[in-house]
Each structure stands twice: as C-alpha cells, then as structure tokens.
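So the chains spell out like this:
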Amino acid sequence: MSTKRNGPQVRDILGRSDYTIISGIVEPGSKVLDLGCGEAELLAWLVENKQVQARGVEISGSKVRVAIARGVSVYQGDIEQSLPGYPDQAFDYVILSQTLQQTLHPLEVLREMLRVGRGAIVAFPNFGHWKVRWSHLVSGRAPRTELFPYDWYDSPNIHFLTIDDFERLTSAQGWKLEKRIFLSGHKEVSLLPNLNAEVAVYLFRK
Amino acid sequence: MITQTQSARFNSLSLDCGLVLSPVDVAFETYGELNADKSNAILIEHAFSGDAHAAGADAEGKIGWWDNMIGSGKGFDTDRYFVICSNVLSGCRGTTGPGSINPATGAPYGTTFPGVTIADMVRLQKKLVDRLGIHRLLSVSGGSMGGMQALEWAVSFPDAVASVIPIACTARHSAMQIAFNEVGRQAIMADLDWAGGNYYSGKMPGRGLSVARMVGHITYMSDDSMREKFGRRMRDRDKFGYDFSVDFEVENYLRYRGSQFVDRFDANSYLYITKAMDYFDLSAGYPSLAASFERATCRFLVLSFTSDWLYPSYQSQEIVNALRGRNRDVAYCELESSYGHDAFLVEVKEQAEMVGGFLAQTLKEISRR
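Quick caveat: nothing in here was measured; it's all calculated off a predicted structure.

Enquirer: Explain the overall build of chain B to me, please; I cannot follow it from the model alone.
Expert: Per the secondary structure count, chain B includes 11 helices and 14 strands. For the C-alpha atoms alone, the extent of chain B along its principal axes is close to 70 × 50 × 45 Å. Burial status across chain B gives 59% buried among its 369 residues. Sequence separation of 24 or more characterises 72% of the internal contacts of chain B that already satisfy a separation of 6 or more. For chain B, the accessible area works out to roughly 15000 Å², and carbon and sulfur atoms hold 52% of it. Of the charged side chains in chain B, 36 are positive and 43 negative; the average position of the first set lies 3 Å away from that of the second.

Right under this line is the structure:
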C-alpha cells in the first residue's frame, strides 16, 4: 500500500478508529447527541468511560431496540426530521459519524447540528482519496473502493464530498474548525489529506 | 409464585370534580422484595379492564394479566425489583368504585359515585405508595390507560418517580377514542337492566355490557390479526344459517369475550373508567403539551406498536416530541407487530429487553447521584 503513513498509530475503540478520535474530542461529563447512532455502541462507551449524558437518534427499529436495551436513551426517527425537535444549544456535542454523505440536505443538517449543539463533530469518508480517484479514472465508472463499496444503484451515499469540499463549505459558512483529524487505516495523515486520508473527523463551531 | 390481593384503607380522597370520597379502599398486590433504601420499587398500572392481579397465580390458579412481563428474570425482574400493582379508583376489583357500599346510605353508590379522573386515580396510588414507605418509585409503567397514569405520575409527582414507561398510550384522548368509549357507554345505558345504574339488587345489564366489550375487543385487534385469527372461517357449520345465529368464527369470539366480561366487570365501573380516560388531557391548562412536561424531570421510555390503530404511534410520538422539545431524557421505539393495541400484552420479548436495560440504567443513575 502506498498510502502515506506518516502519523501516529490510532488504536480502535469498538473496532473503529474514527470512534477513537471522536471520543478523544468529547469532554467528560458533557451532553452528547449522536445522530444515526446505530446500536449506540459509541454512546454506551462514552457513558461508561466519560460519564456523558447520552442521547441518540436512529431510524432502524431493530437497532433502537438494542440501544435501549443497553440503557441508552435513543429516539427512533429520521435524522433530518428529528433535529428540528431539539431546543437550541441543548447539547455540548452533536455527532454525525459516517452519515453526512447519506443525508438528503447535508447543509441543513450541519446548520441544525450547530443550532442544537455548541459543537459539531462530523466524520465522513473522503471522496477525494486517491483510490477513489484511481478507480474512477481507470474504470470510467462510478468509483468502487473499500470506502465506497456500493454499486451506484444501491448506494446509501447520495452526496459525495471530499475534504476540500467540506472545508470550502465551512469556510463559506464562517464556521470555525476547531479540530481536524485525518485517518488512513489506523494512521493519522498530515501530508496531502485530501489525497491520502480515507476518513476525516472535524470538530467545528459557529 | 402464589399471590394474594391485599387491601389498604384511606380516610378520604379529594377529587378533581370537587367532591371528597370517604373512605377509600385500594386493592393491591406486590411481588419481589423492597430493598433496604427502598429504591427498587416499581408501580405497574393496569389498563381499562385490568386489576391488581398483574403477576403470578392467585389462589384459584388464575394467572396475572402481565405475568409474561413481571417475575423472576422477566422484564420487570422480581429478583431485583419490588413490584406493586393496584386496582384503579372506580374499579370493581377491590378498590372503591360505583359498586361499593356508600357508608352514608348503606347501599351501593351506583351513579351517585363521584366522577373521577386519571389524576384522581394517581393521587390515590400516591397514598398507597406513601403508606408502603416509598419516597421515590424507580419506575411507573403500564400500557393503554396504564400508560396515561404513568404520564400523570411524571407530571403530578415529579419528585416521586425516577422514570416512567408509558406504552401504547396517549397524552390526550382523541375524538376517535372518545367516540368508541361513547358507543360502549350507550350500549350499557340502552340496556333496560341498567336501570339508571341501580341494578345491584336486580339483574345486571349484561347485554349492554357485553356489546360494549365486543366493540372494545375489535379496537384492540387489527385488520391483519383478525384476518389471521378468524378470516371468514365459519363456526361449526358449512352453510350460512340465514337466521342471525353465529355463522362466523369472529362472531362467536366476540360473543364469547362479551359474555365472559359480564362475569367479572361492573357496568357502572365501565362508565366511570371510560369517562376518566376521555377526560384525560395532560396538556389541559397549559399552553402546550411540551409546557405540561416542564415539571417532569424523570427518564422516559415510550413504546408504541405499528398496527395499534386505537392508540396510534403518532400519539406516542407527540409525547416524545414534546419531551425532546424540553430536552428531557426520553427513549422511544415503535415496535413491529400485527397484534394491534393488544400487542403490549403479547409482544413481550422486545419489550422485556428494553424495559430491563432501561430500568437497570435508571437504578444505576439514581444510585450514582
């Protein structure tokens, strides 16, 4: 693999390196809302290890059942329809992990995250990664990689974005990027992240 | 587990209608052991036609109405929690109601019994819980009307509940729910044997009460569950009778459930309890439902069922959205089921998993504080 691996090794939490980064950002004892929280693995970990007050939103009933059985307060609903129901600045952090590219109105979701939370944490797969570019270039078809493993017709991803795209948007909106961490496998990436990073994690505020 | 119904007497109870009821008896059962700091008590609220016998077998071997949820290792785990269930005010299963003797006259109250509300029922339960020496309940839970009482607890006695689990219920009865109840009441009152409610020395208004129950049972099922259970299957015949006797299995079922109900339920209690449900509106006197939850500080687990058309999921979502809007601690799940409103009594596995996890976390949080 020729991916640039020049950063420190990132260990996994619950089998995911982006969770490690996110849990490193979240302050102990804070109020956290996780959008698209699945079975609330991350939230349960944060409750146990960081004593956070955890809330989640998840559309899948079977996942919500597991999350609630874990003791986490999860609301069964669609992210975009649920967000307006929370009051302003109700949370310290609103987390959106690996889901931004699946939302119908990403900008509206990001705005709502900053209304509901004092800080927004977003992790997304980087569509600018060299493997994605290479796949598209040599196949002439919609790219398929480990990061984007779907055929175009059954992909849950509907808004593809690169690290540059995201930073252009946040800059245009005047949002402050407080932390940005780029990952390739289990390594942090600092050189040419838009080419070399598979996943980007941001903490940003209004 | 052999259970026995106990009774507690209270000198008086002030009611929302302005009258005072005196004295008041409450029938209740308990399961499991109350711990030393009395932090593990759960109050179970029965639905419209339920009673205090929620779990275990009574002396006659009758199994409690939520026995699949309450017991050792079950959702409400009696190895860990002390579970209480009482018959509601104006009921007919041991708690004072229209069939009880009015001490002032020596005769049954009948329709001279004062009108009651869900809040009155809950106020009486609070007296019982106080008598048992419990300052704060770990949880209050129930389905249907039981869920309404759980919501009322959260708002009326916020310091006395750590969590509530309202299932398949609403924060306010809708026009449709009132309408079905009114059909039931009219069926009873149209029965000449009802006699203005003074039937205790004569014949019970059994025909009216059983018709009321038949309507009720239809609303507790779903189109799917009825198709699955009965379809167009005939009852003990291959050809139509053309005589208005029972042709279809579903007719037989409804008649059976109706006549069975007459043996265990008082027609006047039917009138009083359905009215209490119809009066229920948690948001009454507040600018919004969300505002009515301002006082409620406990954790909430709200559950609804996809095929429940009597208490549709949108009503549960209304509760949950009001709570989210006030940033309360609320979990919500809509469970898949074809059983209609009855699902909360039937779909036990998923409910038990969620209730178990929710209660364990609630206990953890209150012992941390």
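Back to the text.
Enquirer: Can you help me understand the overall build of chain A in this one?
Expert: Within chain A one finds 8 helices and 8 strands. Seen through its principal axes, chain A has C-alpha atoms that stretch 45 × 35 × 35 Å. The buried share of chain A, taken over its 206 residues, is 53%. Taking contacts inside chain A between residues at least 6 apart in sequence as the whole, the part at least 24 apart equals 64%. Total accessible area computed for chain A in this model is approximately 9400 Å², and 51% of it derives from carbon and sulfur atoms.

Enquirer: Please explain the environment of Val83(B) as it appears in this structure.
Expert: Tracing the chain through its elements places Val83(B) in strand β8 (residues 82-86). The sequence separation of Val83(B) and Ile44(B) amounts to 39 residues, and the corresponding C-alpha distance is 7.0 Å.

Enquirer: What should I look at first to understand the interface of chain A and chain B in this one?
Expert: How big an interface is tends to be expressed through the accessible area that disappears when the partners come together. Contact with chain A, which involves 20 residues of that partner, is made by 22 residues of chain B. For the pair chain A and chain B, the summed buried area comes to about 1800 Å², and 49% of that belongs to carbon and sulfur atoms. In this structure, the connection of chain A to chain B is made through 2 salt bridges. Asp329(B) is the partner of Arg55(A) in a salt bridge, and the nearest nitrogen-oxygen pair spans 3.9 Å. Scanning the region where chain A abuts chain B turns up 10 residue pairs in polar contact (both at pLDDT 80 or more). Secondary-structure elements contributing two or more residues to the side of chain A that touches chain B are α2 (41-50), α3 (61-69) and β3 (73-76) of chain A. If one sorts the elements of the side of chain A that touches chain B by residue count, α3(A) sits on top with 5 residues. Looking at the side of chain A that touches chain B residue by residue, the class counts come to 10 nonpolar, 6 polar and 4 charged.

Enquirer: Looking at this structure, I do not really get the environment of Pro28(A). What am I missing?
Expert: All names here are of chain A. Inspection of the secondary structure assignment puts Pro28 in the loop between α1 (17-25) and β1 (31-35). A relative accessible area of 57% means that Pro28 is categorised as exposed. Spatially, the C-alpha atoms of Pro28 and Val47 are 9.1 Å apart, while their sequence positions differ by 19 residues.

Enquirer: What is the right way to look at the packing of helix α3 (residues 175-190) of chain B against helix α4 (residues 206-220) of chain B in this model?
Expert: Residues and elements named next belong to chain B. Close contact between α3 and α4 brings their axes to 7 Å; oriented N to C, the two are set at 160°. Taken together, the axes of α3 and α4 lie roughly antiparallel to each other. By crossing handedness, the relation of α3 to α4 is classed as right-handed. Contact with α3, carried on its side by Phe180, Val183, Gly184, Ala187 and Ile188, involves Gly208, Leu209, Val211, Ala212, Val215 and Thr219 of α4 and no other residues of that element. Counted by class, the contact of α3 with α4 contains 8 nonpolar, 3 polar and no charged residues.

Enquirer: Is there a simple way to think about helix α11 (residues 348-368) of chain B in this case?
Expert: An α-helical turn contains 3.6 residues, so a residue and the one three or four places further along point in the same direction. End to end, α11(B) covers 30 Å across 21 residues, agreeing with the expected 30 Å (1.5 Å per residue, within 8%). Regarding α11(B), the residues found buried are Val348(B), Gln351(B), Ala352(B), Met354(B), Val355(B), Gly357(B), Phe358(B), Leu359(B), Gln361(B), Thr362(B) and Ile366(B).

The rules behind the values
- Residues numbered from 1 in each chain as written.
- Chains lettered and ligands numbered in written order.
- Predicted model: local features only at pLDDT ≥ 70, side-chain atom pairs only at ≥ 80, totals over all residues.
- Heavy atoms only, no water.
- Helix = DSSP H or I, 4+ residues; strand = E, 2+ residues; numbered from the N terminus.
- Buried < 20%, exposed > 50% of the residue type's maximum accessible area, 1.4 Å probe, protein only.
- Contact = heavy atoms within 4.5 Å.
- Areas by Shrake-Rupley, 256 points an atom, 1.4 Å probe, with all protein chains shown as cover.
- Lys, Arg positive; Asp, Glu negative; His and termini not counted.
- Charge placed at Lys NZ, Arg CZ, Asp CG, Glu CD.
- Buried area = accessible area lost by both parts, 1.4 Å probe.
- Salt bridge = Lys/Arg side-chain N within 4 Å of Asp/Glu carboxyl O.
- Polar contact = N/O pair within 3.5 Å; in protein donor to acceptor, adjacent residues only side chain to side chain.
- Nonpolar A, V, L, I, M, F, W, Y, C, P; charged D, E, K, R; others polar.
- Axes fitted to C-alpha atoms, helices over the stretch in contact; angles between N-to-C directions.
- Parallel < 35°, antiparallel > 145°, perpendicular 65-115°, else oblique.
- Left-handed = near helix turned anticlockwise from the far one by under 90°.
- Expected span 1.5 Å × (residues − 1).

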